[in-house]
Amino acid sequence: MYRFAPSPTGDMHIGNLRAAIFNYICSLQDKSGFILRIEDTDKERNIQGKEKDILEILSKFGIKPQQIYIQSENLKFHRQLASKLLIDKKAFACFCTEEELEAKKQKAKEEGVAYRYDGTCERLSDAEVLACDKPFVIRMKKPERTMSFTDAIKGELSFEPDAVDSFVIMRTDKTPTYNFACAVDDMLEGVTFVIRGEDHVSNTPKQDLIREGLGYTGKMNYAHLPILLNIEGKKMSKRENESSVKWLFEQGFLPEAIANYLILLGNKTPSEIFTIGEAVKWFDITKISRSPARFDVKKLEQINREHIKLASDDRIAEVFGVDKNLANLVRFYTQESSLVPEIKEKVNKIFAPKVAPEEYKSEFETIKNAAKNLGEFENFDDFKKALMTATGLKGKNFFMPLRALLTGDLHGPELSELYPLIKNDLARIIA
């Protein structure tokens, strides 16, 4: 079982989307199942309606979870299992205040050593715990041995007990921390393979320790994806426009192209242009590079152009809001533009009422009136010759106003290449 577990705290980041796509592809490969879990336990940061946004974005990529879980609905299980860890002496109540812990952290900093919890409350007797009225958190006892796991991308990884430490699993308000809720939910929901960003590597031994403490013996596999860098080679920030899936949609990138590029990054693929369905046949999570991949919007634009060319007539009609018979005209304009709004603007201009350019006002009207009275012509050369004869115009004084009449612009593609795509609509175009 694979899962995608986003938090509804902001717009979806391309790093999150990449993890969702990889999990989904792997679930299709071994037919083991894919679930979505909305991790909404950080109530202060949750944004109303973001769960709906997440589902809408996934649906645009054809990603369909078999089950949707809401993490906060599992609170009773989190509390029950935290109690079990306390009873089994795998965890302990910690009464240390924020001020006390901060003072110890400061002292460690001044001494130039990494702060580790010093076990103050772990040594309390049951009687001392019962006699204490202070609010408390629950801490997991740090492991007594090295924690290891094999990562499908990074290989064997090990963590000494001090690196794991006695970490908090339940807060004073009796809500679970990220690591505890995540570990418990993966266990309860039957997850067997976790593909996520490498910023979670240090969480993995903690989550394994929690499940181990609860007596869970199921095997959990991991793959931690290297971070994505911006074009300058720095870690991509959530504040950068390019990192937002929503922003990419707004710019006019197709989901097909975005998925293609995210699968391509840091990967050796049999071809450069492909769909998620095609990737299912050859994708191998173990072949993803261990090194960070650089996200280049210009490369994404190139891939977007190719997907517009490959799109079916129905898909083009849906995306561009045009009749299916204009699909080839849309594809034609990929030679000039890569983004949906840019191409849409060029196509719309062709069919919009034209304004005569100032420097060719009389020639524009002459050509327009003559064109209305011409018959139909199969090719551009015959159309051009008939129009030149009818108007007596030639050279710049002919071609510039003609282009303005046909396209609404003074510059653009070769009219001889454009003509076959618009000849059937000429009456509407020059009206």
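Residues numbered from 1 in each chain as written. Predicted model: local features only at pLDDT ≥ 70, side-chain atom pairs only at ≥ 80, totals over all residues. Heavy atoms only, no water.

Novice: What exactly am I supposed to notice about the overall build of the protein chain here?
Specialist: Helices and strands together make up the secondary structure of the protein chain, namely 20 helices and twelve strands. On C-alpha atoms alone, the protein chain measures out to a radius of gyration of 31 Å, which is more than a quarter above the 22 Å that the 2.2 N^0.38 rule sets for 431 residues. Along the first, second and third principal axes, the C-alpha atoms of the protein chain reach 105 × 45 × 40 Å. Every one of the 431 residues in the protein chain was classed for burial, and the buried ones make up 48%. In the protein chain, the share of contacts with a sequence separation of at least 24, taken over all contacts with a separation of at least 6, comes to 73%. Working note: accessible area of the protein chain is about 21,800 Å², and carbon and sulfur atoms make up 49% of it. Taking the average location of the 64 positive side-chain charges in the protein chain and that of its 66 negative ones, the two points are 1 Å from each other. (Helix = DSSP H or I, 4+ residues; strand = E, 2+ residues; numbered from the N terminus. Rg over C-alpha atoms; globule rule 2.2 N^0.38 Å. Buried < 20%, exposed > 50% of the residue type's maximum accessible area, 1.4 Å probe, protein only. Contact = heavy atoms within 4.5 Å. Areas by Shrake-Rupley, 256 points an atom, 1.4 Å probe, with all protein chains shown as cover. Lys, Arg positive; Asp, Glu negative; His and termini not counted. Charge placed at Lys NZ, Arg CZ, Asp CG, Glu CD.)

Novice: Sorry, what's going on with helix H7 (residues 178–188) here?
Specialist: At 3.6 residues per turn, the α-helix brings residues three or four places apart onto the same side. In terms of burial, H7 is a largely internal element, nine of the eleven residues being buried. What H7 keeps buried is the set Asn 179, Phe 180, Ala 181, Cys 182, Ala 183, Val 184, Asp 185, Asp 186 and Met 187. Against strand E1 (2–4), strand E2 (34–38), helix H3 (75–87), strand E8 (168–170), strand E9 (193–197) and helix H8 (204–213) lie the buried residues of H7. In the segment just after H7, Gly 190 is the residue with positive phi, at about 75 degrees.

Novice: I keep staring at the environment of Thr 391 and nothing clicks. Help me out?
Specialist: You can see Thr 391 is positioned in helix H17 (residues 380–391). Sequence separation between Thr 391 and Thr 366 is 25 residues, and the spatial gap between their C-alpha atoms is 6.5 Å. With near-sequence residues (within four places) excluded, Thr 391 lies in contact with Thr 366, Ile 367, Ala 370 and Phe 398. In this structure the side chain of Thr 391 is engaged in a polar contact, spanning 2.8 Å, whose partner is the backbone oxygen of Leu 387. (Polar contact = N/O pair within 3.5 Å; in protein donor to acceptor, adjacent residues only side chain to side chain.)

Novice: How should a negative patch on the surface be read in this particular structure?
Specialist: A cluster of acidic side chains, namely Glu 98, Glu 99, Glu 100 and Glu 102, defines a negative patch on the protein surface. Take Glu 102: it is sitting in helix H4 (residues 98–110). (Patch = residues over 30% accessible without salt bridge, like charges linked within 9 Å, V, L, I, M, F, W, Y side chains within 5 Å. Salt bridge = Lys/Arg side-chain N within 4 Å of Asp/Glu carboxyl O.)

Novice: Would you mind showing me how to read the packing of helix H10 (residues 255–264) against helix H12 (residues 297–310) here?
Specialist: Angle between the axes and distance between the axes are the two parameters that describe a pair of packed helices. As a packed pair, H10 and H12 sit with axes 8 Å apart at the nearest point and diverge in direction by 130 degrees. One element, H10, and the other, H12, form an angle in the oblique class. The two elements H10 and H12 meet at a crossing, and its hand is right-handed. Between H10 and H12, the residues in contact are Glu 256, Ala 257, Ile 258, Asn 260, Tyr 261 and Leu 264 and Lys 299, Leu 300, Ile 303, Asn 304 and His 307, respectively. By residue class, the composition of the contact of H10 with H12 is six nonpolar, three polar and two charged. (Axes fitted to C-alpha atoms, helices over the stretch in contact; angles between N-to-C directions. Parallel < 35°, antiparallel > 145°, perpendicular 65-115°, else oblique. Left-handed = near helix turned anticlockwise from the far one by under 90°. Nonpolar A, V, L, I, M, F, W, Y, C, P; charged D, E, K, R; others polar.)

Novice: What is the right way to look at the pattern of salt bridges in this model?
Specialist: Side-chain pairs of opposite charge can arise where the charged atoms are in close proximity. Applying the stated rule across the entire model yields 31 salt bridges. Between Arg 37 and Asp 185 there is a salt bridge; the shortest N-O distance is 3.8 Å. Taken together, the positions of Arg 37 in strand E2 and Asp 185 in helix H7 put the pair 148 residues apart, joining distant regions of the chain. Exposure remark for Asp 185: the relative accessible area of 0% places this residue in the buried category. Between Lys 52 and Glu 56 there is a salt bridge whose closest N-O contact spans 3.1 Å. With Lys 52 and Glu 56 both in helix H2 (residues 50–60), this residue pair falls four residues apart, about one helical turn. Residues participating in the shared-partner salt-bridge network are Arg 3, Arg 37, Glu 39, Asp 185, Asp 186 and Glu 189.

Novice: Sorry, what's going on with unusual backbone geometry here?
Specialist: Both trends apply: most residues other than glycine have a negative phi, and most peptide bonds are in trans. A positive phi angle, close to 65 degrees, is found at Asp 165, a residue other than glycine. Structurally, Asp 165 can be placed in the loop between helix H6 (161–164) and E8. Using a relative accessible area of 11% as the deciding quantity, one classes Asp 165 as buried. Of note, Lys 174 is a non-glycine position whose phi angle comes to about 65 degrees, a positive value. Along the chain, Lys 174 turns up in the loop between E8 and H7.

Novice: What am I meant to see in the packing of H3 against H7 here?
Specialist: At a closest axis distance of 10 Å, the pairing of H3 and H7 adopts a crossing angle of 100 degrees. Taken together, the axes of H3 and H7 are roughly perpendicular relative to one another. Taking contact as the criterion, the partners of Phe 77, His 78, Leu 81, Ala 82 and Leu 85 in H3 are, on H7, Phe 180, Ala 181, Val 184, Asp 185, Met 187 and Leu 188. Residue composition of the contact of H3 with H7, grouped by class: nine nonpolar, one polar and one charged.

Novice: In this structure, what is going on with the sheet that holds strand E5 (residues 137–140)? I would like to understand it.
Specialist: As a general point, the strands of a sheet are linked pairwise by backbone hydrogen bonds and lie either parallel or antiparallel. Across the sheet, which stays open at both edges, the three strands sit in the order E4-E5-E8 with antiparallel pairing between neighbours. Lying at the two open borders of the sheet, with one neighbouring strand each, are strand E4 (91–94) and E8. Along the sheet, successive strands turn relative to each other by an average axial angle of 45 degrees, direction set aside. (Pairing = 2+ DSSP bridges.)

Purely spatial values, then, with no claim about function.
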